[in-house]
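Now for the letters of each chain:
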Amino acid sequence: MSHIKKAYLAGGCFWGMEELFRIQPGVVDTQVGYTGGENDDPTYEYHPGHAEALEISYDGEKTSFKNILDFFFRVHDPTTKNQQGNDIGSSYRSAIFFQNDEEKREAEEFIDLVNASKRWDKFVVTTLEPFKAFYPAETYHQDYLQKNPGGYSCHFVRGDSYFKD
């Protein structure tokens, strides 16, 4: 039985999220793409309603969805609606695309934890959306900051973990 699980998160431009998640313990693969929108087979030029998102494949024996969420809330600002850095619009929203009731419950609990931490001046606006489909982005977007080390990113690690295991 495989212990590989997937998580689908959006927190602004997918390049920076991918670059930071790729080196997290337990993460075995990352892929940038689109999810949560209105059309099948979206493209960078046409993805109405879709968020720029990250598909994270992780080993469930080495990390957990809770750990993935912890890092997610540390590498972007979850209090800005439809914006990260200079990127503005619903494509850049903060969202967790849950695949089942357990992920939804964990995400709700984590949002409560982040709000209670008072780490941010405002409340979390991260949306919880049911996962439907993930569409990989164009090849030139995959591993973008590996190919273009000086490329744009508004993502960075902010603070320590929200919890102690």
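Residues numbered from 1 in each chain as written. Predicted model: local features only at pLDDT ≥ 70, side-chain atom pairs only at ≥ 80, totals over all residues. Heavy atoms only, no water.

Looking up the protein chain in an unreviewed UniProt entry gives the name Peptide methionine sulfoxide reductase MsrA. The UniProt entry for the protein chain carries this comment under Function (unreviewed entry): "Has an important function as a repair enzyme for proteins that have been inactivated by oxidation. Catalyzes the reversible oxidation-reduction of methionine sulfoxide in proteins to methionine." UniProt, in the comment section headed Sequence similarities (unreviewed entry), describes the protein chain in these words: "Belongs to the MsrA Met sulfoxide reductase family." (UniProt positions renumbered as here; feature names shortened; annotations may be inferred.)

How do you make sense of the sheet that holds strand β2 (residues 27-35) when you look at a structure like this?
Strands belonging to one sheet form pairs held by backbone hydrogen bonds; the direction of such a pair is parallel or antiparallel. Taken in spatial order, the 6 strands make up an open sheet running β7-β6-β1-β3-β2-β8, and their pairing is mixed. The sheet is open, and its two edges are formed by β7 (127-130) and β8 (135-136), each paired on a single side. Judged from the 4 bridges that link them, strand β1 (residues 4-11) and strand β6 (residues 94-98) form a sheet pairing that is antiparallel. Considered in β6, the bridge of L9 is made with I96. Sitting on the sheet, helix α1 (residues 14-21) is in contact with β1, β2 and β3 (51-59), with an inclination near 170° to β2. Each of β1, β2, β3 and β6 touches helix α2 (residues 65-75); the most contacted strand, β1, lies at about 20° to it. (Pairing = 2+ DSSP bridges. Helix = DSSP H or I, 4+ residues; strand = E, 2+ residues; numbered from the N terminus. Contact = heavy atoms within 4.5 Å. Axes fitted to C-alpha atoms, helices over the stretch in contact; angles between N-to-C directions.)

In this structure, what is going on with the packing of aromatic side chains? I would like to understand it.
For any two aromatic rings, the description comes down to two numbers: the centre-to-centre distance and the angle of the planes. Applying the stated rule across the entire model yields 8 aromatic pairs. Ring centres of Y8 and F134 lie 5.5 Å apart, and the angle between their planes is 45°; this geometry places the pair in the tilted category. You can see Y8 sitting in strand β1 and its partner F134 sitting in the loop between β7 and β8, a full 126 residues away along the chain. One Lys or Arg, R119, reaches over the ring of Y162 and ends 3.9 Å from the middle of that ring. Here the basic side chain of R158 rests over the ring of F156, its NZ or CZ set 3.9 Å away from the ring centre. (Phe/Tyr/Trp six-rings, centres within 6.5 Å; stacked < 30°, edge-to-face > 60°. Lys NZ or Arg CZ within 6 Å of the ring centre and 35° of its normal.)

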